[in-house]
4 protein chains.
Amino acid sequence: MSNTFGQLFRVTTFGESEDRCEILSGVFEGKTLGTPLTMMVRNKDARPEDYREIAGKFRPSHADYSYQAKYGIRNWQGGGRASARETIGRVAAGAIAKKILSTFYPDFEIVAYVTQVHDIVAKIDRSTVKMKDVEKDIVRCPDAIAAKKMISLIEQVRDEGDSVGGVIECVARGLAPGLGEPVFDKLEADLAKAMLSIPATKGFEIGSGFAATRVRGSKHNDEFEMRGGKIRTRTNNSGGVQGGISNGEEIYFCVAFKPPATIALQQKTVTTSKQQSELAARGRHDPCVLPRAVPIVEAMAALVLCDHALRQRAIAIMDS
Amino acid sequence: MSNTFGQLFRVTTFGESEDRCEILSGVFEGKTLGTPLTMMVRNKDARPEDYREIAGKFRPSHADYSYQAKYGIRNWQGGGRASARETIGRVAAGAIAKKILSTFYPDFEIVAYVTQVHDIVAKIDRSTVKMKDVEKDIVRCPDAIAAKKMISLIEQVRDEGDSVGGVIECVARGLAPGLGEPVFDKLEADLAKAMLSIPATKGFEIGSGFAATRVRGSKHNDEFEMRGGKIRTRTNNSGGVQGGISNGEEIYFCVAFKPPATIALQQKTVTTSKQQSELAARGRHDPCVLPRAVPIVEAMAALVLCDHALRQRAIAIMDS
Amino acid sequence: MSNTFGQLFRVTTFGESEDRCEILSGVFEGKTLGTPLTMMVRNKDARPEDYREIAGKFRPSHADYSYQAKYGIRNWQGGGRASARETIGRVAAGAIAKKILSTFYPDFEIVAYVTQVHDIVAKIDRSTVKMKDVEKDIVRCPDAIAAKKMISLIEQVRDEGDSVGGVIECVARGLAPGLGEPVFDKLEADLAKAMLSIPATKGFEIGSGFAATRVRGSKHNDEFEMRGGKIRTRTNNSGGVQGGISNGEEIYFCVAFKPPATIALQQKTVTTSKQQSELAARGRHDPCVLPRAVPIVEAMAALVLCDHALRQRAIAIMDS
Amino acid sequence: MSNTFGQLFRVTTFGESEDRCEILSGVFEGKTLGTPLTMMVRNKDARPEDYREIAGKFRPSHADYSYQAKYGIRNWQGGGRASARETIGRVAAGAIAKKILSTFYPDFEIVAYVTQVHDIVAKIDRSTVKMKDVEKDIVRCPDAIAAKKMISLIEQVRDEGDSVGGVIECVARGLAPGLGEPVFDKLEADLAKAMLSIPATKGFEIGSGFAATRVRGSKHNDEFEMRGGKIRTRTNNSGGVQGGISNGEEIYFCVAFKPPATIALQQKTVTTSKQQSELAARGRHDPCVLPRAVPIVEAMAALVLCDHALRQRAIAIMDS
């Protein structure tokens with residue numbers, strides 16, 4: 001099982017279901033040492049009794065069955081490595097990646113936000129939205145009107161024992177051109193992998209994404225112009241990446257999240273001894289993961305960007 | 001520049017713009033040796049004179065500018081490593097990956113096909129479509145009526161000097177459960193990276209994809225049932241992957257392709273010496289890459305599946 | 001900083017100077033889960049005050065200066081990542097690697113032992129020595145007479161405030177032919193890297209090693225013969241590896257350890273502010289690391305062998 | 001089979017037994033492009049008929065048997081991937097690595113030379129020897145008297161149908177402190193792996209090497225002093241590397257080569273059908289590989305140093 005992400009900026013996570021943070025190594029007198037920065041989060045609120053029933057039943061659209069098929073064993077107490085709690089390590093690492101990126105690119109900023117919950121679509125100006133706009137409400141959607149509707153919908157869905165999905169968009173500004181590689185390690189390829197490695201994701205779009213399939217080339221192409229003394233594009237359908245390499249424009253992409261698999265409604269399933277059975281979730285469950293996934297999307301994007309920034313630094317022409 | 005893909009089944013490509021195939025190493029008396037299987041394709045039809053103009057101008061939505069920004073030099077004669085011709089190495093490697101997968105899983109088959117060109121959407125039964133259905137017409141769309149419309153549209157667009165994009169779907173059948181990993185190297189994550197590493201791709205969806213964002217959990221979840229003595233899912237919104245690991249159902253996903261950047265119409269751009277200029281493509285250019293991209297999608301998927309099949313073999317419980 | 005070792009059997013260590021073991025993740029109901037097996041060892045006996053003086057002085061032949069030159073910062077309280085305590089993670093991982101190897105190869109065993117301390121050279125029958133012979137005395141040398149002399153010498157050297165080095169040999173038996181790769185990842189190459197990654201090592205020999213340089217080919221070659229129905233070699237100057245791949249014979253190699261750099265005697269050095277100065281070690285220091293290095297050598301060898309066993313399993317011919 | 005070496009400066013080799021060089025990709029108008037620089041060498045002098053006999057017999061101390069055991073097939077026409085000809089790719093890559101290192105470190109130089117053939121040991125001043133001294137005679141030993149004796153011995157051994165081994169030393173000067181990593185990827189660990197990946201090598205020593213095992217710490221430690229305004233060591237038993245990281249002193253190491261396995265004398269072996277047999281080499285064979293191995297040692301060292309120089313560049317403090 002590979003638990004490591006990144007080539008030069010490398011993150012390794014461990015653990016199954018955890019909750020509280022402690023720094024174990026890598027910091028000395030308030031500074032990082034270059035040594036592995038280890039943070040441990042203990043889960044002080046594990047409730048294995050909530051999971052007793054699912055010891056013997058495969059939850060629909062969870063990793064229970066496929067995991068069992070692969071490893072021949074699974075920790076049924078909370079989702080194991082497939083638990084969204086695994087992502088806490090990614091968020092911690094992302095925070096450091098962002099610090100490094102800010103050192104390399106003083107104008108660097110990265111903002112992720114919810115643009116859609118179920119059928120509610122927000123209107124957001126991607127080029128001006130700031131993190132403080134995102135953190136204004138609990139649903140992490142900077143369009144106040146849409147946010148209100150999303151909160152209502154999520155509450156209603158919770159009451160009905162059901163769940164909903166949605167879309168998160170992320171934009172990174174202030175990066176130099178030259179990040180990414182032209183063949184297998186294209187910047188968008190590594191971003192896609194990073195995003196699809198987040199639990200519950202089903203899709204990824206860079207720039208114009210699937211909408212690009214319905215636009216003609218003459219309209220889709222991003223023409224170059226001189227602006228502020230720099231080579232810039234007039235439009236940005238490319239999403240800031242051309243041929244796998246950043247072109248200095250905003251990098252932006254969208255991620256699709258499915259509705260969470262854990263619902264209170266009764267569902268059909270089979271037991272580990274292959275008997276037909278039924279199951280309804282007890283214990284904690286979240287009817288919509290979007291708001292909690294926003295910092296994870298941001299973190300994973302930062303990991304990819306930081307890794308490529310370091311890779312570019314290694315080969316960059318010396319006097320530039 | 002990383003030119004290698006895969007962890008156990010590893011592919012390394014080289015070269016800029018080539019055309020004809022020759023086996024250089026790795027085969028002895030008609031069998032592979034385990035040594036690097038090297039295939040070289042020489043481009044016997046390079047036309048550098050077609051590219052003369054673009055030596056000094058950045059083509060919109062091509063890799064010219066970002067590549068130059070990264071490496072400080074570029075081969076303007078044909079697109080360099082960003083040329084779609086680089087993908088020939090992937091297709092050759094994919095053919096071998098398919099052979100290996102067929103040895104491991106006798107019922108294995110993989111089929112990719114065009115499901116959309118611009119606004120023409122085909123109707124295809126994903127579970128029954130075969131490669132021979134795909135190869136029936138030049139547009140590689142197994143819906144004959146849609147295929148005819150697609151061909152007309154592509155001809156019209158070519159005449160107008162413009163270009164169009166579309167969507168390719170790919171389905172892999174007959175694989176065992178257990179391929180993929182639960183954290184960073186999820187099967188869908190590696191597929192996403194593989195697909196977004198293909199030139200001109202803008203999006204990726206596994207299973208229900210972006211549509212999943214508008215469906216409730218109670219409807220989206222794939223309930224388990226016993227079928228033919230096996231644990232199966234009733235529906236397959238998961239796309240054959242749960243928690244990063246294959247569950248034995250069909251693996252299917254979609255890839256969005258933008259309209260090709262090279263068009264005969266006049267476009268605004270800047271020169272390498274930062275002067276405003278204009279550009280219209282001369283030389284060969286393809287108004288729609290979808291038909292030619294089908295084998296590349298199939299090949300990249302095979303590379304990912306073969307790599308994970310080998311990884312699973314390394315750790316698989318011995319008596320299974 | 002790369003803190004990960006191995007391709008399929010992967011070990012990641014963290015931390016600076018630690019001492020007590022706790023299992024954090026990866027075990028459930030007494031079995032490993034396939035998830036990262038995390039063990040944490042807290043140092044309950046750190047004595048930072050012993051290190052106060054060296055905050056401002058570079059210890060000769062320690063990593064202090066080179067580490068500072070690389071990272072611009074160092075944790076002077078105990079050696080940081082260069083501390084031999086880092087190796088505890090390797091020993092823990094090695095124990096698991098040995099378990100896996102025993103599952104794959106029922107006759108597998110691996111034994112390391114001290115063959116030389118300073119000028120005292122032990123006589124040991126490499127083909128019959130067992131771990132219980134090694135653990136008979138504190139110096140981990142299975143030749144009782146030499147062991148006694150070694151212990152005396154180490155005590156004398158300690159009294160004089162000085163230190164001594166020596167040689168550890170390691171032998172692995174019961175492995176199949178076919179482990180290792182023919183080009184860069186030769187089995188002996190990966191063993192050499194593993195050994196030279198242990199603190200205080202200065203040399204590595206596989207099989208006949210440096211002595212091979214003074215023997216003629218006609219005498220050095222390991223002739224093949226049939227023995228017990230198997231293809232075997234009469235001699236084993238190859239050390240069980242030919243062309244980078246194990247041949248089924250005993251794999252054996254030697255590792256040279258320098259005398260520890262920390263000594264109580266006064267030595268010349270410079271301060272971090274580039275002033276000439278002197279230094280004599282206070283605090284704990286070990287006049288000879290050989291006995292404590294034996295399990296580390298064994299563990300690192302097991303990591304390499306297990307990694308290659310897994311790699312071979314992935315590609316092994318199916319019906320064998 | 002892994003055919004790739006290095007993390008940032010990556011080399012991939014292919015092919016079995018080849019002889020003539022051609023640049024296939026990566027160069028444009030006399031400059032490298034950043035794309036894979038592919039060089040192909042065709043073997044214009046293959047003599048498969050010389051190998052006919054060994055199709056059915058395992059050559060003693062060759063890779064024939066272990067290779068067959070691993071892959072179930074081998075190319076018996078010339079040694080396959082275990083052929084020393086595989087190293088031509090390494091030498092070509094090493095030449096580029098040296099160019100890059102010279103750009104980063106203007107005083108950089110690397111020199112390898114033969115210090116021992118069988119029992120003839122040369123006297124060489126490691127700190128002053130230059131490549132032109134090495135290239136003075138065919139045996140690549142800069143001690144003229146020893147060189148003469150070596151040449152005589154090699155001729156005599158050839159006449160007797162036998163072979164001899166020896167030792168190559170390599171020294172790299174002019175590198176900055178800070179190359180290498182403190183844990184698994186220690187500079188000496190990567191050098192050890194690189195050297196043991198060269199065919200026919202049996203041992204590696206950095207700095208004082210195995211001799212360190214017989215010296216006390218008080219004598220072995222490299223005391224620091226100020227010299228020319230820089231922190232320097234008085235002695236260099238460390239071989240320029242402390243705690244896995246270069247300290248700015250000369251990096252030097254030794255590599256042991258066994259006598260070549262191919263000899264004209266009659267030897268016992270078994271056939272592929274497990275019959276006892278005999279074998280005497282026909283065809284070309286070299287009684288001593290040392291002179292030809294000198295550029296390979298130099299190249300592999302350059303690959304490791306260049307890779308670590310790039311890795312250090314990626315993380316180096318910005319204003320230094």
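Scroll up to find the structure.
Position numbers for residues start from 1 in each chain and track the written sequence from start to end. Here every chain gets a letter starting at A, and every ligand a number starting at 1, in the order they are written. A pLDDT threshold of at least 70 governs which residues receive local features in this predicted model, and a stricter bar of 80 or more applies before side-chain atom pairs are shown or counted, although totals over entire chains, interfaces and linings include all residues. Computation of side-chain values: all heavy atoms of the structure, hydrogens and water removed.

What about the relation of the copies chain B and chain A?
Laying chain B over chain A is done by rotating through 180 degrees and shifting 0.0 Å along the axis; what remains is an RMSD of 0.0 Å. In the structure described here, the two chain copies are related by an operation that fits a two-fold rotation axis. What makes two residues a contact is simply this: any of their non-hydrogen atoms within 4.5 Å. Residue by residue, 100% of the interface of chain B is reproduced at the interface of chain A, so both copies engage with the same surface. A least-squares fit on C-alpha atoms brings the copies together, and the residues used are those whose pLDDT is at least 70 in both copies.

Section: the sheet that holds strand β15 (residues 251–257) of chain A
Reading across the sheet, the 10 strands line up as β8(A)-β7(A)-β9(A)-β15(A)-β10(A)-β10(B)-β15(B)-β9(B)-β7(B)-β8(B) and stay open at both edges, with antiparallel pairing between neighbours. Each having just a single partner strand, β8 (120–121) of chain A together with β8 (120–121) of chain B make up the two edges of the open sheet. Pairing between two strands is assigned when DSSP locates at least 2 bridges connecting them. Numbered from the N terminus, helices here are DSSP runs of H or I no shorter than four residues, and strands are runs of E no shorter than two. By the bridge criterion, 5 bridges tie strand β10 (residues 201–206) of chain A to β15(A) in an arrangement that is antiparallel. Residue pairing across strands places A:Glu205 opposite A:Cys254, the latter belonging to β15(A). Fitted lines through C-alpha atoms give the axes, limited to the stretch in contact for helices. The angle between two N-to-C directions lies from 0 to 180 degrees. Here helix α4 (residues 144–159) of chain A sits on the sheet in contact with β7 (109–117) and β8 of chain A, set at roughly 55 degrees to β7(A). Helix α5 (residues 187–196) of chain A contacts β10 and β15 of chain A together with β10 (201–206) of chain B of the sheet and is inclined by roughly 160 degrees relative to β10(A).

Re the relation of the copies chain A and chain C
In the superposition of chain A on chain C (RMSD 0.0 Å, axial shift 0.0 Å), the rotation amounts to 180 degrees. Looking at the interface residues of chain A, 100% of them are also at the interface in chain C, so both copies use one shared face.

Things to note about the pattern of salt bridges
Salt bridge, as used here: a side-chain nitrogen of Lys or Arg that lies within 4 Å of a carboxyl oxygen of Asp or Glu. One pass over the full model with this rule turns up 80 salt bridges over all chains. Across the pair A:Lys193 and B:Asp185 runs a salt bridge whose closest N-O atoms are separated by 2.8 Å. You can see A:Lys193 sitting in helix α5 and its partner B:Asp185 sitting in the loop between β9 (166–173) and α5 (187–196), one on each of two chains. As far as burial versus exposure is concerned, A:Lys193 and B:Asp185 are alike and both buried. Linked by salt bridges that have partners in common, A:Glu181, A:Asp185, A:Asp190, A:Asp307, A:Arg311 and B:Lys193 make up one network. Think of it in three bands: residues with accessible area under 20% of the maximum for their type are buried, residues over 50% are exposed, and the middle band is partly exposed, with areas taken using a 1.4 Å probe on protein chains only.

Brief notes about the interface of chain A and chain C
If you look at the interface, chain A gives 33 residues, while chain C gives 33 residues. The quantity reported as buried area is the accessible area (1.4 Å probe) lost by two parts once they are put together, taken as the sum for both. Overall, the association of chain A and chain C removes approximately 2500 Å² of surface from exposure, summing both partners, and the carbon and sulfur fraction of that is 62%. Summed over the three residues of chain A that lose the most area to chain C, namely A:Phe28, A:Leu33 and A:Ile73, the buried surface amounts to 22% of that side. Polar contact is the term for a pair of N or O atoms within 3.5 Å; when the atoms are in protein, one must be able to donate a hydrogen and the other to accept it, and sequence-neighboring residues count only if both atoms are side-chain atoms. Scanning the region where chain A abuts chain C turns up 0 residue pairs in polar contact (both at pLDDT 80 or more). Contributing elements (two or more residues each) for the side of chain A that touches chain C: β3 (20–25), β5 (31–32), β6 (38–42) and α1 (64–71) of chain A. Grouping the amino acids of the side of chain A that touches chain C by side-chain chemistry returns 11 nonpolar, 14 polar and 8 charged. Classes in brief: Ala, Val, Leu, Ile, Met, Phe, Trp, Tyr, Cys and Pro nonpolar; Asp, Glu, Lys and Arg charged; the others, Gly included, polar.

Describing the interface of chain B and chain A
In this assembly, 110 residues from chain B lie in contact with 111 residues from chain A. For the pair chain B and chain A, the number of links is 6 salt bridges. At the boundary of chain B and chain A, one finds 39 residue pairs in polar contact (both at pLDDT 80 or more). Considering only residue class, the side of chain B that touches chain A consists of 47 nonpolar, 37 polar and 26 charged. Of the strand pairs in this sheet, β10(A) and β10(B) are connected by 3 bridges, and their pairing is antiparallel. The residue bridging A:Glu205 from the neighbouring strand is B:Gly203, located in β10(B).

As for the packing of helix α2 (residues 88–104) of chain D against helix α7 (residues 290–315) of chain D
All names here are of chain D. Viewed as axis vectors pointing N to C, α2 and α7 meet at an angle of 45 degrees, and their least axial separation amounts to 8 Å. Classified by the interaxial angle, the pair formed by α2 and α7 is oblique. α7 is crossed by α2, and the crossing has left-handed handedness. Where α2 abuts α7, its residues Arg90, Val91, Ala93, Gly94, Ala97, Lys98, Ile100, Leu101 and Phe104 lie against Pro295, Ile296, Glu298, Ala299, Met300, Ala302, Leu303, Leu305, Cys306, Ala309, Leu310 and Arg313. Working rule for angles: under 35 degrees goes down as roughly parallel, over 145 as roughly antiparallel, 65 to 115 as roughly perpendicular, anything else as oblique. Put simply, a crossing is left-handed when the front helix is turned counterclockwise from the back one by less than a right angle, and right-handed when it is turned clockwise.

Concerning the side chain of D:Glu250
Residues and elements named next belong to chain D. Structurally, the position occupied by glutamate 250 is in the loop between β14 (245–246) and β15 (251–257). You can call glutamate 250 buried: its relative accessible area is 17%. Looking at glutamate 250, its side chain comes within polar contact range of the side chain of serine 127, at 3.1 Å.

A look at the sheet that holds strand β8 (residues 120–121) of chain C
Strands in a sheet are paired, the pairing made by backbone hydrogen bonds, and the direction either parallel or antiparallel. Taking strand neighbours across the sheet as the criterion, the 10 strands line up as β8(C)-β7(C)-β9(C)-β15(C)-β10(C)-β10(D)-β15(D)-β9(D)-β7(D)-β8(D) in an open arrangement whose pairing is antiparallel. The two strands at the open ends of the sheet, each matched to only one other strand, are β8 of chain C together with β8 (120–121) of chain D. Of the pairings in the sheet, the one linking strand β7 (residues 109–117) of chain D to β8(D) comprises 2 bridges and is antiparallel in character. Paired with D:Val117 across the strands is D:Ile120, a residue of β8(D). Packing against the sheet, helix α4 (residues 144–159) of chain C makes contact with β7 (109–117) and β8 of chain C, and its axis sits at approximately 55 degrees to β7(C). Strands β10 (201–206) and β15 (251–257) of chain C together with β10 (201–206) of chain D of the sheet are contacted by helix α5 (residues 187–196) of chain C, whose axis makes an angle of about 160 degrees with β10(C).

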